[in-house]
Amino acid sequence: MIEVKNVSKYYGKVKAVDNISFNVDKGEIVGFLGPNGAGKTTTMRVLTGFLSATEGSIKIGDHDIVENPVEAKKMIGYLPENVPLYFEMNVTDYLGFFADIKGINKSEKSGHIRQIIGKVGLKKVADTIIGKLSKGFRQRVGIAQALIGEPDILILDEPTIGLDPNQIIEIRNLIKELGKEKTVILSSHILQEVSALCSRIIIISEGKVVAIDTKEDLMEKLEVGQRIKILTDSDHKKVANKMKEVKGVKHVDLVRKEGSLSEIMVSSEKEKDIRKDLSKMMITSGFNLLEQSKVTMSLEDVFIKLTGKN
Amino acid sequence: MINNIWSITKKEIKLFFVSFVAYIILFFFLLVGGYYFYVYIYEVRDAARIMPYFLNFLGFLSFLLTPFITMRVFSEEKRSGTIELLLTSPLKENEIVLGKFLGTLLFYLVYIGFTFYYLIILSAYGKPDFGPIITGYLGFIFLEATYISVGLLISVMTRNQIVSGIVTLIALLFFWIIGWVSSYLPGILADVFSYLSFLNHYEDFTKGIIDTKHIIYYLSIIGLNLFLTIRLLENRKVVV
């Protein structure tokens, strides 16, 4: 569906994207994962034909984005970063404009818009001025715009950034739903988001692809075990020794010590839930368990694991 | 092609009508225009000749007002990022530019429509000479289209509306001044300056003369400005 071959993009002398190649098959949900400034947005802008690549070629379906931009762009629905909108328009007019420029027939236009408004949950605000909508609704309007013209491919740049937790869950569910019928590429700087939504993950850093893998293989490579943070005021050496005896525990590290308080990080073996055993041990051994919490793996940890550098 | 241009044109007009600035400009247009219409009635006192004088003044007033209309056309799309949506939709750059140009021109002609009211008043109390009035309005459309093409070219270069407006005003002022100072200059310089002035080519129209040399002049300036705007947009460097 999408074929990216040796694509590089320079801004002046700065290389924003460095020799990227990958393919996306029909029906896949692919996630671009990388920190801010990694080249995710630039890659998406080159894919959508907003910017042209300095080197390399991109094929959308059968169409080269440079040689046949109009046909290629017809296949893509795009939600740019920060969701640009015409704030003065109401939702229906806004979508109507995009139906016009995407060449929807007059006779099908209103039905098509109504259907999309229903799909993304904008019925209540269909006649509201966009400037008056909440951020979550604006995000939906942006996604609705991308869906106009029933493109086969959706490209969503940071679709959940800046939303509150409830809105994030709603938008993620919407993307999952859309992914059933469309090819989706989305970008994020949050590992959990990409692993929750995508079947395949492309990790990108400093303009280069660091890893392309299915979610399962990537998690395998990352050896994601649990990491549990424990706060105690008992003697940390004794606690650590006992911890090492708990089944499934791989590493025990003292992170911080302040007065009598010790913060200890416990890592488990792959896919082992050690929380129950750990807390049981603390109590039966007579230690004071002040806090126990699960630490999620940060993107930085992922990069250190994958690239071997800090 | 035509459908795509027209979609953009409709959107531009719609956005103009919901913008606050457009109504402030309309207010000034009617206030100053109305005042000068009144002044010409008292000064000229000949219904047949009032409108040509007034149309000449309209050419001057419009170069002061047009920058406030054109300043947002590309700058606002660049600032808000909506330009990215236009440029990733299945539209060509020339369709976007032509659509915006046409939309801005048609919107400004709505302002001009209000001056028909003056025509009605003149017809009620005297006998205006419709020949020069019709050619005058025709010439005005060419003149205004030229102003707008300058405004669009400058608007595509900046994401700041204020900068866009002020630079356009300065540019249009420049073309007004060179016409004005040309009469004080010697020889060839006078001819060149006089030829380049937007307003000098307009005068003949308000006298009832349609001269193809003036039409060709306006069409070449408009064509050049729109061509440069399209190229800048295609190049994308002005957009990112």
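Conventions used here
Residues numbered from 1 in each chain as written. Chains lettered and ligands numbered in written order. Predicted model: local features only at pLDDT ≥ 70, side-chain atom pairs only at ≥ 80, totals over all residues. Heavy atoms only, no water. Helix = DSSP H or I, 4+ residues; strand = E, 2+ residues; numbered from the N terminus. Rg over C-alpha atoms; globule rule 2.2 N^0.38 Å. Salt bridge = Lys/Arg side-chain N within 4 Å of Asp/Glu carboxyl O. Buried < 20%, exposed > 50% of the residue type's maximum accessible area, 1.4 Å probe, protein only. Pairing = 2+ DSSP bridges. Axes fitted to C-alpha atoms, helices over the stretch in contact; angles between N-to-C directions. Contact = heavy atoms within 4.5 Å. Parallel < 35°, antiparallel > 145°, perpendicular 65-115°, else oblique. Left-handed = near helix turned anticlockwise from the far one by under 90°. Nonpolar A, V, L, I, M, F, W, Y, C, P; charged D, E, K, R; others polar. Polar contact = N/O pair within 3.5 Å; in protein donor to acceptor, adjacent residues only side chain to side chain. pLDDT = per-residue confidence, 0-100. Buried area = accessible area lost by both parts, 1.4 Å probe. Phe/Tyr/Trp six-rings, centres within 6.5 Å; stacked < 30°, edge-to-face > 60°. Lys NZ or Arg CZ within 6 Å of the ring centre and 35° of its normal. Core = buried A, V, L, I, M, F, W, Y, C linked by side-chain atoms within 4.5 Å.

1. Details of the overall build of chain B
Along chain B, the regular secondary structure elements total twelve helices and zero strands. For chain B, the sequential pattern of α-helices and β-strands runs α-α-α-α-α-α-α-α-α-α-α-α. The C-alpha atoms of chain B give a radius of gyration of 19 Å, which matches the 18 Å a tight globule of 240 residues would have. A principal-axis box enclosing the C-alpha atoms of chain B has dimensions of 55 × 45 × 30 Å.

2. Some remarks on the pattern of salt bridges
All chains considered together, the criterion is met by 25 salt bridges over all chains. In this structure, Arg 256 of chain A and Glu 258 of chain A form a salt bridge, with 2.6 Å as the shortest nitrogen-oxygen distance. The partner of Lys 11 of chain B in a salt bridge is Glu 77 of chain B, with the nearest N and O atoms 2.4 Å apart. With Lys 11 of chain B in helix α1 (residues 2-17) and Glu 77 of chain B in helix α4 (residues 75-80), the pair connects residues that are 66 residues apart, well separated along the chain. Each member of the pair Lys 11 of chain B and Glu 77 of chain B is classed as buried. Sharing partners across several salt bridges, the network here consists of Lys 11, Glu 12, Glu 77 and Lys 100 of chain B.

3. Looking at the sheet that holds strand β3 (residues 29-33) of chain A
Residue and element names in this part refer to chain A. Strand order in the open sheet formed by six strands is β6-β7-β8-β3-β9-β10, and the pairing between neighbours is mixed. The open sheet has two free edges, formed respectively by β6 (76-79) and β10 (208-214), since each of these has just one partner strand. Across the sheet, the mean angle from the axis of one strand to that of its neighbour is 15°, orientation sign disregarded. Contacting β3, β6, β7 (153-156), β8 (183-188) and β9 (200-205), helix α1 (residues 40-47) crosses the sheet at an angle of about 150° to β8. Lying over the sheet, helix α5 (residues 135-147) contacts β6 and β7, oriented at roughly 165° with respect to β6.

4. Here's the deal with the pairing of strand β12 (residues 249-258) of chain A
Residue and element names in this part refer to chain A. Note that β12 and strand β13 (residues 261-270) share eight bridges and pair antiparallel. Within β13, the residue paired with Asp 253 across the bridge is Met 265. Connecting β12 to the antiparallel partner β13 that follows it, the hairpin turn spans two residues, and Gly 259 within it adopts a positive phi of roughly 60°.

5. Observations regarding the packing of helix α3 (residues 91-101) of chain A against α5 of chain A
Residue and element names in this part refer to chain A. The N-to-C vectors of α3 and α5 enclose an angle of 30°; their axes lie 9 Å apart at closest approach. Comparing the axis directions of α3 and α5 gives the class roughly parallel. Crossing handedness for the pair α3 and α5: right-handed. Where α3 abuts α5, its residues Val 91, Tyr 94, Leu 95 and Phe 98 lie against Val 141, Ala 144 and Gln 145. Grouping the constituent residues of the contact of α3 with α5 by class yields six nonpolar, one polar and no charged.

6. Focus: the side chain of Glu 77 of chain B
Overall, the relative accessible area of 4% leaves Glu 77 of chain B in the buried class. One polar contact links Glu 77 of chain B to Thr 82 of chain B, side chain to side chain, over a distance of 2.9 Å.

7. Some details on the confidence of the model for chain B
Mean pLDDT over chain B stands at 92; residues scoring 70 or higher make up 100%. Mean pLDDT per element in chain B: helix α10 (residues 187-196) of chain B is the minimum at 84, and helix α6 (residues 93-113) of chain B is the maximum at 96.

8. Some details on the environment of Asp 204 of chain B
You can see Asp 204 of chain B is positioned in helix α11 (residues 200-206). Non-local contacts of Asp 204 of chain B, meaning those with residues more than four positions away in its chain, are made with Ile 209 and His 214 of chain B.

9. Some remarks on the interface of chain B and chain A
On the chain A side, the residues contacting the 26 residues of chain B number 24 residues. Broken down residue by residue, the surface that chain B buries against chain A is led by Glu 84, Leu 85 and Pro 90 of chain B, which jointly contribute 30%. Run the count over chain B and chain A and you get two salt bridges. Arg 45 of chain A is the salt-bridge partner of Glu 84 of chain B, the closest N and O atoms lying 3.0 Å from each other.

10. A closer look at the packing of aromatic side chains
Enumeration over the complete set of coordinates arrives at 41 aromatic pairs over all chains. An angle of 70° between the planes, with centres 6.0 Å apart, marks the rings of Tyr 86 of chain A and Phe 97 of chain A as edge-to-face. Of this pair, Tyr 86 of chain A sits in the loop between β6 and α3 while Phe 97 of chain A sits in helix α3, and the two are eleven residues apart along the sequence. If you follow Arg 72 of chain B out to its NZ or CZ, it ends over the ring of Phe 16 of chain B, 5.5 Å from the centre. The aromatic ring of Phe 74 of chain B is capped on one face by Lys 100 of chain B, whose charged end is 5.1 Å from the ring centroid.

11. Some words on the nonpolar core
With 144 residues, the main nonpolar core has Ile 60, Val 91 and Tyr 94 of chain A together with Met 51, Phe 74, Tyr 111 and Leu 233 of chain B as its most contacted residues. Element by element, the count of residues in this core is highest for helix α8 (residues 130-155) of chain B, at eleven residues. Ignoring sequence-local partners within four residues, the contact set of Tyr 111 of chain B consists of Ala 22, Ile 25, Leu 26, Phe 29 and Ile 69 of chain B. The next biggest cluster of nonpolar side chains, apart from the first, holds 15 residues, and it includes Ile 230, Ala 240, Val 249 and Val 252 of chain A.

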